[in-house]
Amino acid sequence: MSAPGPVGAGRTIRFQHLWTPAGWLSPGVLVLDAAGRVVSVGSRLEPGQVAQESWRGYAVPGMPNTHSHAFQRALAGRTEAGSPESEDNLWTWRHAMYRLAGRIGPAHLEAIAAFAYMEMLEHGFTRVAEFHYLHHAPGGQRYAERGEMSLRLAAAAGASGIGLMVLPTLYAHAGIGLPPAEQQLRFVHREVSEFARLLQALEQPLAQAGAQLGVALHSLRAVAPAELREALAAAAGLRRPAPLHIHVSETRHEVAEVEAGLGARPVQWLLDQVGLDHRWTLVHATHLSESERRGLAASGAVASLCPMTEAMLGDGLFPLVAYQQEGGIWAIGTDSHYASGVAAELRMLECGQRLAHARRNVLADPTAGDARALRSGERLFALALAGSRSFGESGAALAPGHRADLVLLDPDSPALVGHDTTTALDAWLLSGAADAVQQVMSAGVWVVKDGRHVARASLTRAYARALHELFG
Ligand SMILES: [Zn+2]
């Protein structure tokens, strides 16, 4: 945390309305330093303080995207035909994903990721955690530069302006006790020491690129217990503490396989054998027993929910209402990028829970003594934002010392016309056909203006070129 600087020391921006965890400031005044970090947040200009910019509308913190496989953006819309052979689910979708993954080269990955990150920014995400396992060339040959594909992601983040955390992912097996399949060879590190060398090789170049380094274990199916422990030891040896992410309990099949192979359901196994705490993010965690749900909620770990992907893959519904009542922390991710927006993901999340419980406003908390805690939009937004601890920081956003990441909602957009601060987030997140995002700031830089990313034309051309090469 940096101490607030003197009045007028940085760039001062005045907003008609600015959202903070404690309530809306109308107006809100933000002071930034030259590095794009927040110096102070206030409700008025101090004497002698001049605002360099002044904006109408509703400014809210940028949302962190806690789970992305950027390359899968190229697959969206290509897997929606029923399979004649079997029931369609994540496992049948995965065949199509492997076919695509087998063809993507470094330049393709960079173009697809930059485009996916641009779309995320245009729809309110300002940081992304990239769960990255496309390490090697097709067939498993090593690139001359060990971190080639990770560094392509950093280049894509640089081109788009999004804040990036790369999570190099340890992937070793096709299932418990099984060797990797042919199509998985480019994901695989046969020795954990080799994976540890990748982490070490990435520390400096990612820091130079302004990106964060975390560590992911693909799943308890793909990483054996001894390998998981070795990878955690490698993570502990990094110069900066690395957030830890893992896919878990996305399907019933996965739960049954882990229970048969390791003697416990996946989340229970992690609770008992590894110990979960605030450093951990569990991606999906869809199928939980009651004791797993309570254990996860009490652990301080984040559940990364990916509502659109989980719906499109037919995974099931996370027990959000009970988990929330137990104080569990959660966040959202776009995973396979069926949709890439804050509103789309939170709307799907809320709709799924309403359908499951046959009631409305399922997250409203009448005991909080705060009218905002009764509003679904406010609740969804504030609770998902708290999951930014997936990036290894506290949940605070737009607070001194943090990245200046924010989203300005257009008060003249059809979704927001006639609203005020009471209902602005309900209207943005839960109504309307068009996204109300007008401007987006990432680390102090406006990267979306008038609803369009500043590099939209060139990033879209590069994306189209990559897709023609891959599918043309
Ligand atoms: Zn995933």
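No experiment lies behind these values; they were computed from the predicted model shown. Numbering of residues starts from 1 in each chain and follows the order in which that chain's sequence is written. With pLDDT at 70 or above as the cut-off, local features in this predicted model cover only qualifying residues; side-chain atom pairs require 80 or more to be listed or tallied, and sums for whole chains, interfaces and linings still use all residues. Processing note: side-chain calculations cover all non-hydrogen atoms of the structure and skip hydrogens and water entirely.

Along the backbone of the protein there are 14 helices and 18 strands. Radius of gyration: C-alpha atoms only; globule rule: 2.2 Å multiplied by the number of residues to the exponent 0.38. The C-alpha atoms of the protein give 22 Å as radius of gyration, which agrees with the globular expectation for 472 residues (23 Å, within 12%). In terms of overall dimensions, the protein has C-alpha extents of about 65 × 50 × 45 Å along its principal axes. Think of it in three bands: residues with accessible area under 20% of the maximum for their type are buried, residues over 50% are exposed, and the middle band is partly exposed, with areas taken using a 1.4 Å probe on protein chains only. Buried positions account for 58% of the 472 residues belonging to the protein. Positive residues here are Lys and Arg, negative ones are Asp and Glu, while His and the chain termini are left out of the count. For this purpose, a charge sits on NZ of Lys, CZ of Arg, CG of Asp or CD of Glu. The distance from the centre of the 40 positive side-chain charges to the centre of the 45 negative ones in the protein is 3 Å. Every helix listed is a DSSP run of H or I at least four residues long, and every strand listed is a run of E at least two residues long, numbered separately from the N terminus.

Let us now look at the coordination of the zinc ion. Note that water is not among the atoms considered, so a metal site may appear incomplete; the donors listed are N, O and S atoms within 2.8 Å of the metal, with 3.2 Å applied to Na, K and Ca. Protein coordination at the zinc ion: the donors are His 67 (NE2), His 69 (NE2) and His 247 (NE2), at 2.0 to 2.2 Å from the metal. Every donor residue of the zinc ion comes from the same chain, spaced as H-x1-H-x177-H. One end of the pair, His 69, is in the loop between β6 (63–68) and α1 (90–101); the other, His 247, is in strand β11 (residues 244–248), with 178 residues separating them in the sequence. A residue is classified by how much of its surface remains accessible, and His 69, at 3% relative accessible area, is buried. On the basis of relative accessible area, His 247 is assigned to the buried category, the value being 8%.

With that settled, consider the confidence of the model for the protein. Here the protein averages 93 in pLDDT, and 96% of its residues register 70 or above. The predictor attaches a confidence to each residue, and that confidence, scored 0 to 100, is pLDDT. The criterion used for residue contact is that any of the two residues' heavy atoms lie within 4.5 Å. Segment residues 1–8: pLDDT under 50, and ten contacts once partners within four positions in sequence are set aside and those in other chains are kept.

Pairing of side chains with opposite charge becomes possible as their charged atoms draw close. Think of a salt bridge as a Lys or Arg side-chain nitrogen and an Asp or Glu carboxyl oxygen that are within 4 Å of each other. Summed over the entire model, instances satisfying the criterion amount to 19 salt bridges. One salt bridge connects Arg 239 with Glu 203, and the closest N-O pair in it is separated by 3.6 Å. Placement of Arg 239 in the loop between α5 (225–236) and β11 and of Glu 203 in helix α4 (residues 192–208) is noted, with a sequence separation of 36 residues between them. One salt bridge connects Arg 279 with Asp 277, and the closest N-O pair in it is separated by 3.1 Å. Each of the salt bridges in this network shares a partner with another, and the network as a whole consists of Glu 290, Arg 293, Arg 294 and Glu 326.

Expected helix span is taken as 1.5 Å per residue step, with the number of steps being one fewer than the number of residues. Taking 1.5 Å per residue, 13 residues should reach 18 Å; helix α3 (residues 148–160) reaches 19 Å between its end C-alpha atoms and fits that length. Those residues of α3 lying buried are Glu 148, Met 149, Ser 150, Leu 153, Ala 154, Ala 156, Ala 157 and Ser 160. Downstream of α3 by a residue or two, Gly 161 has a phi angle that is positive, lying close to 90 degrees.

Across the six residues of β6, six count as buried, placing the element largely inside the fold. Think of it this way: DSSP has to see at least two bridges between two strands before they count as a pair. Examined bridge by bridge, β6 and strand β7 (residues 125–132) share four bridges and lie parallel to one another. Looking at β7, one finds that Asn 65 is bridged to Val 128.

What follows concerns the nonpolar core. One broad rule of soluble globular proteins: the nonpolar side chains tend to lie buried together. Here the nonpolar core consists of buried residues drawn from Ala, Val, Leu, Ile, Met, Phe, Trp, Tyr and Cys, with membership extended through side-chain atoms lying within 4.5 Å. Within the largest apolar cluster, 133 residues are counted, with the highest numbers of intra-cluster contacts made by Tyr 117, Leu 296, Trp 330, Leu 346 and Trp 428. Of all the elements, helix α2 (residues 106–122) adds the most residues to this core, at eleven residues. Either an automatic procedure or a domain database provided the assignment from which the domain bounds are taken. Two domains share this core, each providing at least three of its residues, namely domain 1 (11–61 + 396–453) and domain 2 (63–391). When near neighbours in sequence (up to four residues on either side) are disregarded, Tyr 117 contacts Ser 68, Ala 70, Val 128, Glu 130, Leu 153, Ala 156, Ala 157, Ser 160, Ile 162 and Leu 164. In this structure, Ala 404, Leu 406, Leu 408 and Met 441 belong to the second largest nonpolar core, which totals 13 residues.

Among the residues of helix α8 (residues 290–299), Glu 292, Arg 293, Leu 296, Ala 297 and Ser 299 are the ones counted as buried. Mapping the buried residues of α8 onto a view down its axis gives an arc of 160 degrees, with all of them on the same face. Looking at the buried side of α8, the elements it contacts are α7 (266–274), β12 (280–284), β13 (302–305) and α10 (320–325). Two residues or fewer past α8, Gly 300 is found with a positive phi of approximately 90 degrees. The arc under discussion is defined with respect to the helix axis, by the directions toward the C-beta atoms.

Attention shifts here to the domain arrangement of the protein. What the domain assignment lists for the protein is domain 1 (11–61 + 396–453) and domain 2 (63–391). A straight line from the C-alpha centre of domain 1 to that of domain 2 covers 28 Å. Across the contact, 33 residues belong to domain 1 and 28 residues belong to domain 2. A 1.4 Å probe defines the accessible area here, and the buried area is the portion of it lost by two parts on being joined, summed over both. Buried area between domain 1 and domain 2, both sides added, is near 2,300 Å², and the carbon and sulfur share of it is 59%.

What follows concerns the side chain of Thr 20. Its place among the elements puts Thr 20 in strand β1 (residues 11–20). Among the residues examined, Thr 20 registers a relative accessible area of 14% and is labelled buried. In the analysis that follows, any N or O atom pair within 3.5 Å is treated as a polar contact, provided that within protein one partner can donate a hydrogen and the other can accept it, and provided that, for residues neighboring in sequence, both atoms belong to side chains. Of note is the side chain of Thr 20, whose polar atom sits 2.7 Å from the backbone oxygen of Gly 23. If we ignore the near neighbours within four places in the chain, the residues touching Thr 20 are Leu 25, Val 41 and Arg 372.

So, about the packing of α2 against helix α14 (residues 456–471). Every angle, taken between N-to-C directions, lies between 0 and 180 degrees, and every axis is a line fitted to C-alpha atoms, over only the stretch in contact when it is a helix. At a closest axis distance of 8 Å, the pairing of α2 and α14 adopts a crossing angle of 135 degrees. What the angle tells us is that α2 and α14 run oblique. Of the two possible hands of crossing, α2 and α14 adopt the one that is left-handed. In this structure, α2 uses His 108, Ala 111, Ile 112, Ala 114, Phe 115, Met 118 and Glu 122 to contact α14, whose residues at the interface are Arg 456, Leu 459, Thr 460, Ala 462, Tyr 463, Ala 466, Leu 467, Glu 469 and Leu 470. Residues are grouped as follows: nonpolar covers Ala, Val, Leu, Ile, Met, Phe, Trp, Tyr, Cys and Pro; charged covers Asp, Glu, Lys and Arg; every other residue, Gly included, is treated as polar. When the residues that make up the contact of α2 with α14 are grouped by side-chain class, the tally is eleven nonpolar, two polar and three charged. Note that the term roughly parallel is reserved for angles under 35 degrees, roughly antiparallel for angles over 145, roughly perpendicular for angles of 65 to 115, and oblique for everything else. Here a crossing is taken to be left-handed if its near helix is turned anticlockwise relative to the far helix by less than a right angle, and right-handed if that turn runs clockwise.

Where α2 meets α3, the axes come as close as 8 Å, and the angle between the chain directions of the two elements is 40 degrees. When the axes of α2 and α3 are compared, the pair comes out oblique. Judged by the sense of rotation from one axis to the other, the crossing of α2 with α3 is right-handed. Of the residues in α3, those in contact with Pro 106, Ala 107, Leu 109, Glu 110, Ala 113, Ala 114, Tyr 117, Met 118 and Leu 121 of α2 are Glu 148, Met 149, Arg 152, Leu 153, Ala 155, Ala 156, Ala 157 and Ser 160. When the residues that make up the contact of α2 with α3 are grouped by side-chain class, the tally is 13 nonpolar, one polar and three charged.

Turning to unusual backbone geometry, a few remarks are in order. Ser 26 connects to Pro 27 through a cis peptide bond whose omega is 5 degrees. Topologically, Pro 27 is positioned in the loop between β2 (23–25) and β3 (28–32). Even without glycine at this site, His 337 takes up a positive phi of about 65 degrees. Here His 337 lies in the loop between β14 (329–332) and α11 (342–357). A residue is classified by how much of its surface remains accessible, and His 337, at 1% relative accessible area, is buried. Located in the positive-phi region is Asn 361, a residue other than glycine, with phi close to 45 degrees. Here Asn 361 lies in the loop between α11 and α12 (376–386).

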